[in-house]
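# Analysis of the macromolecular model
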Amino acid sequence: MTNSVTVKELVEVLRLSVHNGEEQLDRKIVTSDVSRPGLELTGYFNYYPQERVQLFGRTEISFSERMTSEERLIVMRRMCRPNTPAFILSRGLVPPEELIRATTEAGIPLLLSSLTTTRLSSNVTNYLEGKLAERISMHGVLIDVYGLGVLIMGDSGVGKSETALELIQRGHRLVADDRVEIHQQDEQTVVGESPDILRHLIEIRGIGIIDVMNLFGAGAVRSSKTIQLIVNLELWSKEKKFDRLGSGDESTRIFDVDVPKISIPVKTGRNLAIIIEVAAMNFRAKSMGYDATATFEKNLEILIEKNSKENN
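Fair warning: this is a prediction, and the values are worked out from it, not measured in the lab.

Time to look at the domain arrangement of the protein. Where interface size is given, it is often the accessible area lost as the parts come together that is meant. Per the domain assignment, the segments making up the protein are domain 1 (5-132) and domain 2 (135-295). For domain 1 and domain 2, the distance between their C-alpha centres works out to 41 Å.

This is the structure in structure tokens:
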């Protein structure tokens, strides 16, 4: 599923000001790429990326000032294509009269920002990449545990939401319950968030829907989080073998990213919230280079070698 973004959404999120074209803010943006039309100002339009947001910085404006008014108007009109979503000027620059005229004639919004060109370009690209990226929906609960994005998965009724509720009571933050919308941010990162209809809500059997933000405060929720660890809750069974030493390296592939995964058996008397807390801390310790399993195995080897020498 690919989402669409309107110019109005871009304006609201990035706090841009509208110079002209306020009636055309419903225009669609279909790509996250941003164009800085330097070559176009020289008259080269062979590969003009007309479907992109067109960003003018100090360089583009300075170059255009060397042109005559007639030349500027010709070039600006050529830039205003039917599928060009918007023009943005950075650094609080004053738009040339010819750009104002061309965008007004074409019905294309002209937007202004006080940010530097590099920062503005980065902000626009990051926002559009997040909104336009392909999305998948996964069943589970996403929690921010000690700053680590933990996706709790498992069969229906295994206790995912109840475990999440206890984690929230212990000071951790809810991102999404029941359904997590996920998109790939880059080659190593996938991000999860809640669908709008379920935002800040969690379902507890026997109680119903509760509003986490209303009950626990704004500090108990967040809008999105990078998924760094998957915890799969499985009903305990004598027949099934679970990793006891933590030496198994499981993962789940989401888009092009392999996300580390651990399986935790669910059994009466086990405090899953505390176990997930410890799992998150242990994962972070491993990421920082400390592996308790490797330490144990090293100590075991030393003990075996010592016993072997004593017996000989």
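Structure's up, so let's keep going.
Scanning all chains against the criterion turns up three aromatic pairs. A centroid spacing of 5.3 Å and a plane angle of 75° characterise the contact between Phe 45 and Tyr 48, whose relative ring orientation is edge-to-face.

Moving on to the packing of helix α7 (residues 160-169) against helix α9 (residues 272-287). Between α7 and α9, the least distance of the axes is 8 Å, while the angle of their chain directions is 70°. Our classification of the angle between α7 and α9 gives roughly perpendicular. For the element pair α7 and α9, the recorded crossing hand is right-handed. Residues Thr 163, Glu 166 and Leu 167 of α7 touch α9, and the partners they reach there are Leu 272, Ala 273, Ile 276 and Glu 277.

Here the structure, examined in full by the defined rule, presents 13 salt bridges. Residue Glu 193 is joined to Arg 135 by a salt bridge in which the shortest nitrogen-to-oxygen separation is 2.6 Å. Of this pair, Glu 193 sits in strand β13 (residues 189-193) while Arg 135 sits in strand β8 (residues 135-139), and the two are 58 residues apart along the sequence. Measuring nitrogen to oxygen at the nearest pair gives 3.0 Å for the salt bridge that ties Arg 199 to Asp 196. On the accessibility criterion, Arg 199 (30% relative accessible area) is partly exposed. Overall, the relative accessible area of 64% leaves Asp 196 in the exposed class. What you see here is one network of salt bridges that share partners, running through Arg 135, Arg 179, Glu 181 and Glu 193.

So, about the sheet that holds strand β16 (residues 224-226). In spatial order, the strands read β8-β12-β13-β16; together these four strands make up an open sheet with antiparallel pairing. Each having just a single partner strand, β8 and β16 make up the two edges of the open sheet. The mean angle between the axes of side-by-side strands here comes to 35°, regardless of whether they run parallel or antiparallel. Sheet topology note: the β8/strand β12 (residues 179-186) ladder contains five bridges and is antiparallel. The residue of β12 that forms the bridge with His 139 is Arg 179.

Rules and cut-offs
Throughout this description, residue numbers start from 1 for each chain and increase along the sequence as written. The predicted nature of this model means local features are confined to residues of pLDDT at least 70 and side-chain atom pairs, given and counted, to a pLDDT of 80 or more, with totals for whole chains, interfaces and linings taken over all residues. Side-chain descriptors were evaluated using all non-hydrogen atoms of the structure, hydrogens and water having been removed beforehand. In this document the domain limits rely on a domain assignment from an automatic tool or a database. The rule is short: rings of Phe, Tyr and Trp, with Trp giving its six-membered ring, pair when the centres are within 6.5 Å, and they are stacked under 30 degrees, edge-to-face over 60, tilted in between. The convention used is that axes are lines fitted to C-alpha atoms, helices contributing only their stretch in contact, and that angles between N-to-C directions extend from 0 to 180 degrees. The secondary structure listing takes helices from DSSP runs of H or I that are at least 4 residues long and strands from runs of E that are at least 2 residues long, numbered from the N terminus. Reported orientations rely on four angle classes, namely roughly parallel under 35 degrees, roughly antiparallel over 145, roughly perpendicular from 65 to 115, and oblique for the rest. Left-handed describes a crossing in which the near helix is turned anticlockwise from the far one by less than a right angle; the clockwise case is right-handed. In this analysis, two residues are considered to be in contact whenever any of their non-hydrogen atoms come within 4.5 Å of each other. By convention in these notes, a salt bridge is any Lys or Arg side-chain nitrogen within 4 Å of a carboxyl oxygen on Asp or Glu. Classification of residues uses two cut-offs on accessible area relative to the type maximum, computed with a 1.4 Å probe and protein chains only: under 20% is buried, over 50% is exposed, and between them is partly exposed. A strand pair is defined by DSSP finding two or more bridges across the two strands.

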